[in-house]
Amino acid sequence: MQFNKKVITIFVLILILAISSFGCGAKKKVKEEEKVKQIPVETAEVRQDIFTKAVILSGITKPNSTVTVIPKIAGAEKIVNLNIQVGDRVSAGQTIAVLDQSAVSIQLNSARTTYEDALRNYERNKVLYEAGAIPKSAFEQLEVALNQARNALDAQELAYNNTIIKSPISGIVTSVTAEVGSLASAQTPLATIVDIDTIEINCSINELQVNKIIVGEEVNIIIPAVGEEIFKGKIKSVSPTMDERTKAYPITIVVENKENRIKAGMYAEVEIVTDIHPDVLIVPAQAVIERNGETKVFIVENEKAVAREVVTGLTNGQKTEILKGIKKGDQVIIRGNEDVVNGDPVKVIERGEN
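The present account deals with the structure reproduced in this document. (Residues numbered from 1 in each chain as written. Predicted model: local features only at pLDDT ≥ 70, side-chain atom pairs only at ≥ 80, totals over all residues. Heavy atoms only, no water.)

### Quick word on the pairing of strand β16 (residues 304-309)
Here strand β15 (residues 294-301) runs beside β16; their pairing, made up of six bridges, is antiparallel. Across the sheet, residue K296 finds its bridge partner in β16, namely E309. With antiparallel pairing between neighbouring strands as the criterion, β15 and β16 make up a hairpin whose turn holds two residues, including N302 at a positive phi of roughly 55°. (Pairing = 2+ DSSP bridges. Helix = DSSP H or I, 4+ residues; strand = E, 2+ residues; numbered from the N terminus.)

If you want it as structure tokens, here you go:
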């Protein structure tokens, strides 16, 4: 009997120890399970700031001006001097070619002599007319002859000057279609010169945005072929009428290009700010979700996800304006919000953590 009591006592002790161990293990397991149930999320603070929304328009760069140089001569003259080649930079008024001047020089000298004779004759007879020695009709004929001689001289001087071909603008020579010894005429272009010190970009904007932009407004421009640099430009013009082909309003952007890094024909992206709302609540756009027909954000309170129905304003794809539903300083969930429901335990992590 005593032996049996000892056995029973030992068995009871073993049973108590087993139950205690099981209980501790169970509690530990429950805590671990509770810990595992915390959903990892990333948060951002609700800020109060200026909200801006912009549209991105695309276009192709073009020269500020393009000029085809054509001689202003009657007939045809041989080119005796050509001072340009493709790629040269020229200034407005710079001589780029000279035509044969032999014939026009003779005509100019003859016209100058005729004018000088008419002028001397006029001045000599003017004294006589004022003294009453010749009639008024005779003096008026001399005056007409002087004016005709002056006009003839002006015409010959112009013809002579037209044999000296000058660049009408400052820019870069993009083509030369003549050579020394060939004939030039008013029907044969000599060269093409473009001004790319200022570049134009033609874009189009839709009817919902056209009244939100103004001439003179500064814009940001990216030319991918040049690099990631942001160029500053200005709106030069906004068409008051819609282009029936594109159903949009043409606008012209200008950007300074003194170093000529931007070439004509390059693809360009123009960012134009259309809306500015000062002093508003802003959250990252990914914080706002649509669920069950409601617009919501989740904020973190006491390590739990708390749903807040919000009223949104403008969005630009990266940030969203919040008009109602949360306050400055709230921590909104921006990553993991699709996986939580109201009241879920959450763990705030930094990006890259598991």
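### Notes on the sheet that holds strand β8 (residues 183-185)
With respect to topology, four strands assemble into an open sheet ordered β6-β5-β3-β8, the strand pairing being antiparallel. Both outer strands of the open sheet, β6 (164-166) and β8, are each paired with one neighbouring strand and no more. Adjacent strand axes in the sheet meet at a mean angle of 45° when their direction is disregarded. Across three bridges, strand β3 (residues 76-82) lies against β8 in antiparallel orientation. Within the sheet, the bridge partner assigned to A76 lies in β8 and is S185. (Axes fitted to C-alpha atoms, helices over the stretch in contact; angles between N-to-C directions.)

### A short note on unusual backbone geometry
In most cases, non-glycine residues show a negative phi, while peptide bonds are predominantly trans. Residue N260 is not a glycine yet carries a positive backbone phi of 60°. Examined against the element boundaries, N260 turns out to sit in the loop between β12 (249-256) and β13 (267-284).

### Here's the deal with the nonpolar core
Note on soluble globular proteins: their nonpolar side chains tend to be buried together. Core analysis: the biggest nonpolar cluster contains 25 residues, and I201, I205, I221, I251, I253, V270 and I272 have the highest contact counts within it. The contact partners of I201, leaving out residues within four places of it in the chain, are G59, I60, T61, I221, I251, T252, I253, A268 and V270. In this structure, I96, I165, A178 and A191 belong to the second largest nonpolar core, which totals 16 residues. (Core = buried A, V, L, I, M, F, W, Y, C linked by side-chain atoms within 4.5 Å. Buried < 20%, exposed > 50% of the residue type's maximum accessible area, 1.4 Å probe, protein only. Contact = heavy atoms within 4.5 Å.)

### A word on the packing of aromatic side chains
Applying the stated criterion to the full structure yields two aromatic pairs. Note on Y129 and F139: the rings are 4.7 Å apart at their centroids and 5° apart in plane angle, and the pair reads as stacked. Pair noted here: Y129 is in helix α2 (residues 102-130) and F139 is in helix α3 (residues 136-161), with a separation of 10 residues, a long-range link. Using a relative accessible area of 8% as the deciding quantity, one classes F139 as buried. Among the aromatic residues, those joined into a cluster by ring pairs are Y122, Y129 and F139. (Phe/Tyr/Trp six-rings, centres within 6.5 Å; stacked < 30°, edge-to-face > 60°.)

### Regarding the pairing of β3
Bridge analysis of β3 against strand β5 (residues 95-99) gives three bridges, and the strand direction is antiparallel. Following the sheet pairing, N81 is matched in β5 by V98.

### Some words on the side chain of T198
Tracing the backbone through its elements, the reader meets T198 in strand β9 (residues 191-205). Apart from the residues within four sequence positions on either side, T198 is in contact with P63, N64, V254, V255, E256 and N257.

### Some words on α3
Residues that lie three or four places apart on an α-helix share one face, since the helix turns once every 3.6 residues. When the terminal C-alpha atoms of α3 are compared, their 37 Å separation across 26 residues agrees well with the 38 Å that a helix rising 1.5 Å per residue should span. Buried residues along α3 sit in contact with α2. (Expected span 1.5 Å × (residues − 1).)

### Some thoughts on the pattern of salt bridges
Working definition: two side chains of opposite charge can pair if their charged atoms are close together. By the definition in use, this model includes 15 salt bridges. The closest approach of N and O atoms between R150 and D154, which form a salt bridge, is 2.6 Å. Of this pair, R150 and D154 are both found in helix α3, four residues apart, which corresponds to roughly one turn of the helix. By relative accessible area, R150 is classed as partly exposed at 27%. Two residues, E229 and R261, come together in a salt bridge whose shortest N-O distance is 2.6 Å. Here E229, found in the loop between β10 (218-222) and β11 (230-238), pairs with R261, found in the loop between β12 and β13; they are 32 residues apart in sequence, far enough to count as distant. (Salt bridge = Lys/Arg side-chain N within 4 Å of Asp/Glu carboxyl O.)

Keep in mind these numbers describe shape, not what the thing actually does.
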